[in-house]
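# Tertiary structure, described
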Amino acid sequence: MDCHTSHVPCRFDEILHKVDRRSGKALDEPVTSLKTGDSAMVKLVPKKPLCVDTFARFPPLGRFAVRDMKTTVAVGVVKEIVPKANPGGSGPAKKKPGKAPAAGATTKGE
């Protein structure tokens, strides 16, 4: 998947539903595959960290293209972002003991 300047491998996790290209409404028929010219809502899962945003919030980071062997197979916009759960808990990363802060950096208590 190519988004802005990022090139990240991804997988199609699931096809949620087809979308009527003229009205933009979801079609109720079950979907197992897509053909050339079809529009659909799909769930893409990046295999590496990727910086994106919704198209409504920031259009340059909300457009993407899916390419296979240098051939564009899909283009689209980001409608929703589901962040990955943080297994280590929330908050900033802990400092490594024994390391001095970088020049110009401040630490708590100073």
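Here the structure is a predicted model, which means the values were calculated and not measured. (Residues numbered from 1 in each chain as written. Predicted model: local features only at pLDDT ≥ 70, side-chain atom pairs only at ≥ 80, totals over all residues. Heavy atoms only, no water.)

When pLDDT is averaged along the protein chain, the result is 78, and 77% of the positions lie at 70 or above. pLDDT under 50 marks residues 104-108. Its contacts with residues more than four places away, or in other chains, come to 3 contacts. (pLDDT = per-residue confidence, 0-100. Contact = heavy atoms within 4.5 Å.)

In this section: the pattern of salt bridges. Under the criterion given, the structure shown has 6 salt bridges. Across the pair D13 and K43 runs a salt bridge whose closest N-O atoms are separated by 3.8 Å. Of this pair, D13 sits in strand 3 (residues 10-19) while K43 sits in strand 4 (residues 39-46), placing them 30 residues apart in sequence. Looking at K43, the relative accessible area reads 38%, which means it is partly exposed. Residues joined in a network through salt bridges with shared partners are R11, D13 and K43. (Salt bridge = Lys/Arg side-chain N within 4 Å of Asp/Glu carboxyl O. Helix = DSSP H or I, 4+ residues; strand = E, 2+ residues; numbered from the N terminus. Buried < 20%, exposed > 50% of the residue type's maximum accessible area, 1.4 Å probe, protein only.)

This paragraph deals with the state of the cysteines. Per the stated rule, a full pass over the model turns up 0 disulfides. Counting only cysteine sulfurs, C3 is the nearest neighbor of C51, a cysteine outside any disulfide, at a range of 7.8 Å. (Disulfide = S-S within 2.5 Å.)

Time to look at the environment of P9. The topology assignment puts P9 in the loop between strand 2 (6-7) and strand 3. Exposure remark for P9: the relative accessible area of 41% places this residue in the partly exposed category. Along the backbone, P9 and V66 are 57 residues apart, and their C-alpha atoms lie at a distance of 9.1 Å. Once residues lying within four places of it in the same chain are set aside, the contact partners of P9 are P46, K47 and K48.

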